[in-house]
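Chain and residue survey
Now for the letters of each chain:
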Amino acid sequence: ASVVIPIPAPANIASKMLGHLLDREEIPTADLIFIDGNHDYDDVRADIRNYFPLLSPNGLMFGDDFGWAGVKKAVYEFAAEHNMSV
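Conventions we followed
Residues numbered from 1 in each chain as written. Predicted model: local features only at pLDDT ≥ 70, side-chain atom pairs only at ≥ 80, totals over all residues. Heavy atoms only, no water. Core = buried A, V, L, I, M, F, W, Y, C linked by side-chain atoms within 4.5 Å. Buried < 20%, exposed > 50% of the residue type's maximum accessible area, 1.4 Å probe, protein only. Helix = DSSP H or I, 4+ residues; strand = E, 2+ residues; numbered from the N terminus. Contact = heavy atoms within 4.5 Å. Salt bridge = Lys/Arg side-chain N within 4 Å of Asp/Glu carboxyl O. Arc of directions from axis to C-beta. Expected span 1.5 Å × (residues − 1). Phe/Tyr/Trp six-rings, centres within 6.5 Å; stacked < 30°, edge-to-face > 60°. Lys NZ or Arg CZ within 6 Å of the ring centre and 35° of its normal.

Moving on, we get to the nonpolar core. Nonpolar side chains in soluble globular proteins tend to be buried together. Leu18, Ile33, Ile35, Val44, Ile48, Tyr51 and Leu54 are the most contacted members of the largest nonpolar core, which totals 14 residues. Contributions of two or more residues to this core are made by α1 (11-23), β1 (30-35), α2 (41-51) and α3 (69-81). Excluding residues within four positions of it along the chain, Leu18 makes contact with Ile5, Ile7, Ile27, Tyr51 and Leu54.

Laid out in structure tokens, this is it:
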């Protein structure tokens with residue numbers, strides 16, 4: 001079933017809330033996750049790491065502002081650590 005869950009909270013808190021719901025099997029893993037957060041490396045890195053476990057095995061995670069240095073560095077680093085291509 002399709003589910004949209006708007007959560008008016010900072011990204012780190014929202015990911016924990018969703019993770020809790022997922023652990024309790026109250027929601028399915030996500031087929032699609034869009035990240036539009038801060039552009040600083042540490043924040044992007046945290047967003048990717050926090051939301052990736054919520055993604056289904058064949059799911060797609062994407063975002064915008066890839067031209068920002070912090071975004072690009074965090075994405076390429078995460079992809080390399082997980083043997084993924086960008």
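Here we come to the pattern of salt bridges. Under the counting rule described, the total for this entry stands at three salt bridges. Its salt-bridge partner being Arg49, residue Glu81 comes within 2.6 Å of it at the nearest N-O pair. Placement of the pair is Glu81 in helix α3 and Arg49 in helix α2, with a sequence separation of 32 residues. Relative accessible area serves as the criterion here: at 28%, Arg49 is assigned to the partly exposed category.

Taken as a whole, α2 has its buried residues at Val44, Asp47, Ile48 and Tyr51. Each buried residue of α2 lies within a common arc of 95° when the element is viewed along its axis, so the set occupies one face. Residues of α2 that are buried in the fold lie against α1, β1, β2 (55-63) and α3.

Here α1 contains 13 residues, and its C-alpha end-to-end distance of 18 Å stays within 8% of the 18 Å for a straight helix at 1.5 Å per residue. Listing the buried residues of α1 in full gives Ala14, Ser15, Leu18, Gly19 and Leu22. Down the axis of α1, the smallest arc covering the buried residues is 135°, so these residues share one side. Turned more than 90 degrees away from the buried face of α1 sit Lys16 and Asp23, all of them exposed.

Enumeration over the complete set of coordinates arrives at three aromatic pairs. Considering the side-chain rings of Phe52 and Phe78, the 5.0 Å spacing of their centres and the 65° angle between planes classify their relative orientation as edge-to-face. Of the two residues, Phe52 is situated in the loop between α2 and β2 and Phe78 in helix α3; the sequence distance between them amounts to 26 residues. Accessibility expressed as a relative area gives 8% for Phe78, which makes it buried. Residue placement shows Lys73 over the ring face of Tyr41; its charged tip is 4.4 Å from the ring centre.

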